[in-house]
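Structural overview
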Amino acid sequence: MYALVDCNNFYVSCERVFAPQLEGRPVVVLSNNDGCLISRSDEAKALGLKMGEPYHLVRPLLMQHQVRVFSSNYALYGDMSRRVVQVLSHFAAGVEVYSIDEAFLDFQGMRLLAPDLLAYGIRVCETVKQHTGIPTCVGIAPTKTLAKLANRLARKQGTGGVLLLETPAQCQEALALAPVESIWGVGRRYARKLKEMDINTGAQLAALPEHWLRRHMGGVVGQRLWRELHGQPCHDWNPVEWDEADHQLPTSHASRHSAVCTRSFGRPQHEPAVLAEAVATFAAKAAEKLRRHGLVAHLVTVILGTDKYAPVAGPSTYTAAIALPRATSNPTLLTRAALDGLRQLRRPGVAYHRAGVLLSGLEPMGQAPQLDLFTAPAPDHARSEKLTATLDSLNARFGRQLVRLAAAGVTKDAEGNDQQPVWAGRAAHRSPLYTTRWDELWQVS
DNA sequence: TCTGGGGTCCTAGGACCC
DNA sequence: TCTGGGGTCCTAGGACCC
């Protein structure tokens, strides 16, 4: 058995923890660059506001109904997510973090400890709410796919936000209630195809022959979906590992294949120097992510994007890949490669709307075989490793990007005040970093 | 003027290797 | 006229997830 714990309207709920007066009022959170709506309170959903809707199109509606708007604040959401996972870790032998607002719990054999699984699930919800302020729902079922389904139904039909599907009959009943597009693994395309065949519910999908899903729904992916719907677990299990020394960051053993940092600019940019600072910043952030996971990369891909909504033919995304002689997570080497890529890619006079850096060809640090027999390790390799480690610990202690490469640019004015780089995205409504910055702590008066 | 970011898996086809 | 078999790696594209 698996339990899926899902935080309700997660980003909005995080904002409400520190602004309880917004309880019961319509609230939305915007994507990076204040682009689209990515989290909505129940009241905002009731106004007809849709997930992913462009902010500039619904602005009049938001003003009309006095909807409270937030720019996204990932430092806050990431920290709240970590707290939720920490609470969950006390309730199961294993926790798999699936996304920033969802986690699976290993409930195998849980019956022995908690004969009443439903009551146990309710206790999970209550404890998370009490310890973090975040409301959740829990779905419990024999497979991850069925647990997702149970979770989806839990809010409306569950007990205290919890729904337990245990017997085949219970699973069948739930599947019959589920629109086919709500099944985990059935996206827009497959949903349309299925509806054309008059397959409208999860139960109808599960009733198709296994080989049909293999043939028409992505090969083994479809086959796995069929089996999961029939109670046979097919998905991997990748629990987080708690580092005893540093209880801050759980790390997953799931292998990662890439680390990427891309951003839209607040306004289009064509200046080489500005683009270089942005790309250097993204390279450093992606490299930091790599080191956090103990990985090194073989390949650096620089991404530049023009206006993807412009009514012109041709692609809006351009990439240049730089292969490294040796896999590394060193920010200096990765930034240098990224800037090389940028020089290859950039076309004079073209206005770019976004940029990014993708690191791939990943391997665990220390195990990477040397690709180039004739390139000796740099003589200052050890010093440079030490420098990187020092940089990471300074940034961990005093705030992200406090110490960085000069290539990433300077964002202080003459008086030493923080200043946004010219390429920075819009974030007009960001809340304070209540839990991760000393000078932005929540104040109670 | 204004439309996010970060991932996964699978398949097919081409280049290249012995 | 006839043109193997078994691989790897890379890229692009399509599907999905949050």
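Rules behind the numbers
- Residues numbered from 1 in each chain as written.
- Chains lettered and ligands numbered in written order.
- Predicted model: local features only at pLDDT ≥ 70, side-chain atom pairs only at ≥ 80, totals over all residues.
- Heavy atoms only, no water.
- UniProt positions renumbered as here; feature names shortened; annotations may be inferred.
- Helix = DSSP H or I, 4+ residues; strand = E, 2+ residues; numbered from the N terminus.
- Axes fitted to C-alpha atoms, helices over the stretch in contact; angles between N-to-C directions.
- Parallel < 35°, antiparallel > 145°, perpendicular 65-115°, else oblique.
- Contact = heavy atoms within 4.5 Å.
- Nonpolar A, V, L, I, M, F, W, Y, C, P; charged D, E, K, R; others polar.
- Pairing = 2+ DSSP bridges.
- Buried < 20%, exposed > 50% of the residue type's maximum accessible area, 1.4 Å probe, protein only.
- Right-handed = clockwise from strand over helix to strand, strands pointing away.
- Near = heavy atom within 4 Å.
- Polar contact = N/O pair within 3.5 Å; in protein donor to acceptor, adjacent residues only side chain to side chain.
- Core = buried A, V, L, I, M, F, W, Y, C linked by side-chain atoms within 4.5 Å.

Chain A goes by Y-family DNA polymerase in an unreviewed UniProt entry, where it is assigned to Hymenobacter negativus. As its UniProt record puts it under Sequence similarities (unreviewed entry), chain A is described as follows: "Belongs to the DNA polymerase type-Y family."

The phi dihedral of Asn-33 is positive, around 65 degrees, even though this residue is not glycine. With respect to the helices and strands, the residue Asn-33 is situated in the loop between strand E2 (27-30) and strand E3 (37-40). A positive phi is found at Asp-198, a non-glycine position, where the angle reads about 65 degrees.

Moving on to the packing of helix H1 (residues 10-17) against helix H4 (residues 74-88). Look at H1 against H4: their axes get within 10 Å of each other, and the N-to-C directions meet at 95 degrees. With respect to H4, the element H1 is oriented roughly perpendicular. Touching Phe-10, Tyr-11, Cys-14, Glu-15 and Val-17 of H1 are Tyr-74, Leu-76, Tyr-77, Met-80 and Ser-81, all from H4. When the residues that make up the contact of H1 with H4 are grouped by side-chain class, the tally is eight nonpolar, one polar and one charged.

Take the sheet that holds strand E14 (residues 352-364) next. An order of E11-E14-E12-E13 is seen for the four strands of this open sheet, with the pairing classed as antiparallel. Both edges of this open sheet fall to strand E11 (258-269) and strand E13 (317-328), since each of them pairs with a single strand only. Within the sheet, the average angular offset between the axes of one strand and its neighbour, ignoring direction, is 15 degrees. Examined bridge by bridge, strand E12 (residues 295-305) and E13 share eight bridges and lie antiparallel to one another. Residue Gly-305 lies in a different strand from E13, and its bridge partner there is Thr-317. On the sheet, helix H13 (residues 272-292) packs against E11, E12, E13 and E14 and is oriented at approximately 155 degrees with respect to E11.

Okay, the pairing of strand E7 (residues 136-141) next. Looking along a regular strand, one sees side chains alternate from face to face of the sheet. E7 sits mainly inside the fold: six of its six residues count as buried. Along E7, one buried face is formed by Thr-136, Val-138 and Ile-140 and the opposite face, lined by Cys-137, Gly-139 and Ala-141, is buried too. In terms of strand pairing, strand E1 (residues 2-7) meets E7 through six bridges, oriented antiparallel. Bridged to Cys-7 within E7 is Thr-136. Direction of pairing for E7 relative to strand E8 (residues 162-164): parallel, over a ladder of three bridges. Bridged to Gly-139 within E8 is Leu-163. For the crossover that starts at E7, traverses helix H7 (residues 144-157) and ends in the parallel E8, the hand is left-handed.

What follows deals with the protein's contact with DNA strand C. Taken together, 14 residues are adjacent to DNA strand C, and Asp-101, Glu-102, Lys-148, Gly-187 and Tyr-190 come closest. Backbone atoms, meaning sugar and phosphate, form 100% of the atoms of DNA strand C found within 4 Å of the protein. Contact between DNA strand C and Tyr-190: a phosphate oxygen at 2.9 Å from a main-chain N or O atom of the residue. Put simply, the parts of the chain that give the surface near DNA strand C at least two residues each are strand E5 (95-99), H7 and helix H9 (188-196). The element that contributes the greatest number of residues to the surface near DNA strand C is H9, accounting for three residues.

Phe-10, Leu-88, Leu-105, Phe-107, Val-138 and Ile-140 are the most contacted members of the largest nonpolar core, which totals 41 residues. Looking at this core, the elements with two or more residues in it are E1, H1, E2, H4, strand E6 (102-106), helix H6 (117-132), E7 and E8. Core analysis: the next-biggest nonpolar cluster, separate from the first, contains 33 residues, Tyr-2, Leu-4, Ala-150 and Ala-178 among them.

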